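Structural overview
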Amino acid sequence: MAAIYSLYIINKSGGLIFYKDYGSKGRMDTNDSLRVASLWHSMHAISQQLSPTTGCSGIELLEADTFDLHCFQSLTGTKFFVVCEPGTQHMEALLKVIYELYTDYVLKNPFYEMEMPIRCELFDVNLTQAIQKDRVVLLGR
């Protein structure tokens, strides 16, 4: 069973710009993945406003019985979140690696338009390598 079920990237206005499913069971169709991304964007924004602490950047970890959801928000408002097995460690580091890949292969791509869906082969290839490397590290423990 895969430690990482899926990866989402949401632009600052809440639109899903990238989705990749890594789990073998419970695959979602396009409409469901759009709903999950929209719901997460809304929950993240509400949590920033309702937080009792000043300067809260929103929900970073959501733990459920069957999955964990780890979120990283960049300074530009782009959100990266991973749905994974409960108790999976080091997802924050993986999200930062994914963000670095995003900046290196997507944002530096002269054909990419901001806030649009990501269609970049180099990003896909390097992302797959990073996820596989992370799986090897997780399974090796």
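In short, a report on the structure. Owing to the predicted nature of the structure, the values given are computational and were not obtained by experimental measurement.

**Here's the deal with the overall build of the protein chain**
- The secondary structure content of the protein chain amounts to 3 helices and 5 strands.
- When the elements of the protein chain are put in sequence order from the N terminus, they spell out β-β-α-β-β-β-α-α.
- Against the compact-globule benchmark of 14 Å for 141 residues, the protein chain has a radius of gyration of 15 Å, which places it among compact chains.
- Projecting the C-alpha coordinates of the protein chain onto the three principal axes gives extents of approximately 40 × 40 × 30 Å.
- The buried share of the protein chain, reckoned over its 141 residues, is 43%.
- In the protein chain, once contacts between residues fewer than 6 apart in sequence are set aside, the share between residues at least 24 apart is 49%.
- Only carbon and sulfur atoms are counted for the fraction: they give 56% of the accessible area of the protein chain, which is about 8500 Å².
- For the protein chain, the centre of its 12 positive side-chain charges and the centre of its 16 negative side-chain charges are spaced 2 Å apart.

**Examining helix 1 (residues 30-50)**
- With 21 residues, helix 1 should reach 30 Å at 1.5 Å per residue; the first-to-last C-alpha distance of 30 Å fits that figure.
- Turning to helix 1, its buried residues number three or more, namely S33, A37, W40, H41, H44 and S47. Looking down the long axis of helix 1, one finds its buried residues gathered within 135° of arc, a one-sided arrangement. Exposed positions of helix 1 whose direction lies more than 90 degrees from the buried face are R35, L39, Q49 and L50.
- Residues of helix 1 that are buried sit in contact with strand 1 (4-10), strand 2 (16-21), strand 3 (61-63), strand 4 (68-73) and strand 5 (79-84).

**Quick word on unusual backbone geometry**
- A positive phi angle, near 65°, is found at H90, a position not held by glycine.
- Within the secondary structure, H90 is located in the loop between strand 5 and helix 2 (91-107).
- For H90, a relative accessible area of 43% puts it in the partly exposed group.
- In this structure, E115 takes a positive phi of about 70° despite not being glycine.
- Mapped onto the secondary structure, E115 falls in the loop between helix 2 and helix 3 (121-139).

**Here we look at the environment of K12**
- Positionally, K12 belongs in the loop between strand 1 and strand 2.
- For K12 and S74, which are 62 residues apart along the polypeptide, the C-alpha to C-alpha distance reads 9.4 Å.
- Once you skip the residues sitting within four places of it in the chain, K12 turns out to touch H41, T76, G77 and E115.

Procedures and definitions
- Residues numbered from 1 in each chain as written.
- Predicted model: local features only at pLDDT ≥ 70, side-chain atom pairs only at ≥ 80, totals over all residues.
- Heavy atoms only, no water.
- Helix = DSSP H or I, 4+ residues; strand = E, 2+ residues; numbered from the N terminus.
- Rg over C-alpha atoms; globule rule 2.2 N^0.38 Å.
- Buried < 20%, exposed > 50% of the residue type's maximum accessible area, 1.4 Å probe, protein only.
- Contact = heavy atoms within 4.5 Å.
- Areas by Shrake-Rupley, 256 points an atom, 1.4 Å probe, with all protein chains shown as cover.
- Lys, Arg positive; Asp, Glu negative; His and termini not counted.
- Charge placed at Lys NZ, Arg CZ, Asp CG, Glu CD.
- Expected span 1.5 Å × (residues − 1).
- Arc of directions from axis to C-beta.

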